[in-house]
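# Examining the three-dimensional arrangement
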Amino acid sequence: MRKLSVRELALCGVLAALYAVVTLATASFAYGPIQFRIADALCVLPFFAPVTSLGLFVGCLVANLFSTVSALDIVIGSAATLVGCLLAAKMPSRWLVPLPTILANTVMVGAMLAAVYTPDAFWSGFVTMGAQVAVGEIAVLAVLGLPLIAYLQRSRLLERLLGVRRPA
């Protein structure tokens, strides 16, 4: 495993703080069965710089320490963000970048919410909770994530910060 450069480490720290702050500032609708976690729009960044997955994971972990759902959210919710980010980095097209985050959160967070809120009816709870999480993720990533990708491609901001370039 390679060492992170000072720039990469600093960017990860800034992203971790940004993710946590945005999630905590919007906590009223960032946690629970129906959630719109605005900070998840940042999960498109690994498409341009895979190293950003680390910062987003840490930010999610910090935000989930304050979860109103369960201590399971700390582990499972953070793992869902990490899985989504790692897979987003491998997407061949910018239009596919939101899919891993949507799917990881739908399955992992949906299952966790079903286990917490409907343990006696897990499968029906999973379908319901997973669908609710999916709707929130699709909304956030369509309204904020895709425009963020377009902006980052036009501005070349990450290229200037880290010296990375992602093909269109």
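See the structure printed just above.
Notes on the structure in this doc start here.

With that out of the way, let us pick up the overall build of the protein chain. When its secondary structure is counted, the protein chain shows seven helices and zero strands. When the helices and strands of the protein chain are placed in sequence order, the string is α-α-α-α-α-α-α. Seen through its C-alpha atoms, the protein chain measures out along the principal axes to roughly 50 × 30 × 30 Å. Within the protein chain, buried positions represent 45% of all 168 residues. Across the protein chain, the fraction of contacts at a sequence separation of at least 24, relative to all contacts at a separation of at least 6, is 67%. One way to put it: in the protein chain the 11 positive side-chain charges average out to a point 17 Å from where the 6 negative ones average out.

Peptide bonds are trans in most cases, and residues, glycine excluded, mostly fall at negative phi. Unlike most non-glycine residues, R156 shows phi in positive territory, near 55 degrees. Judged by relative accessible area, which is 40%, R156 ranks as partly exposed.

Parameters at a glance
- Residues numbered from 1 in each chain as written.
- Predicted model: local features only at pLDDT ≥ 70, side-chain atom pairs only at ≥ 80, totals over all residues.
- Heavy atoms only, no water.
- Helix = DSSP H or I, 4+ residues; strand = E, 2+ residues; numbered from the N terminus.
- Buried < 20%, exposed > 50% of the residue type's maximum accessible area, 1.4 Å probe, protein only.
- Contact = heavy atoms within 4.5 Å.
- Lys, Arg positive; Asp, Glu negative; His and termini not counted.
- Charge placed at Lys NZ, Arg CZ, Asp CG, Glu CD.

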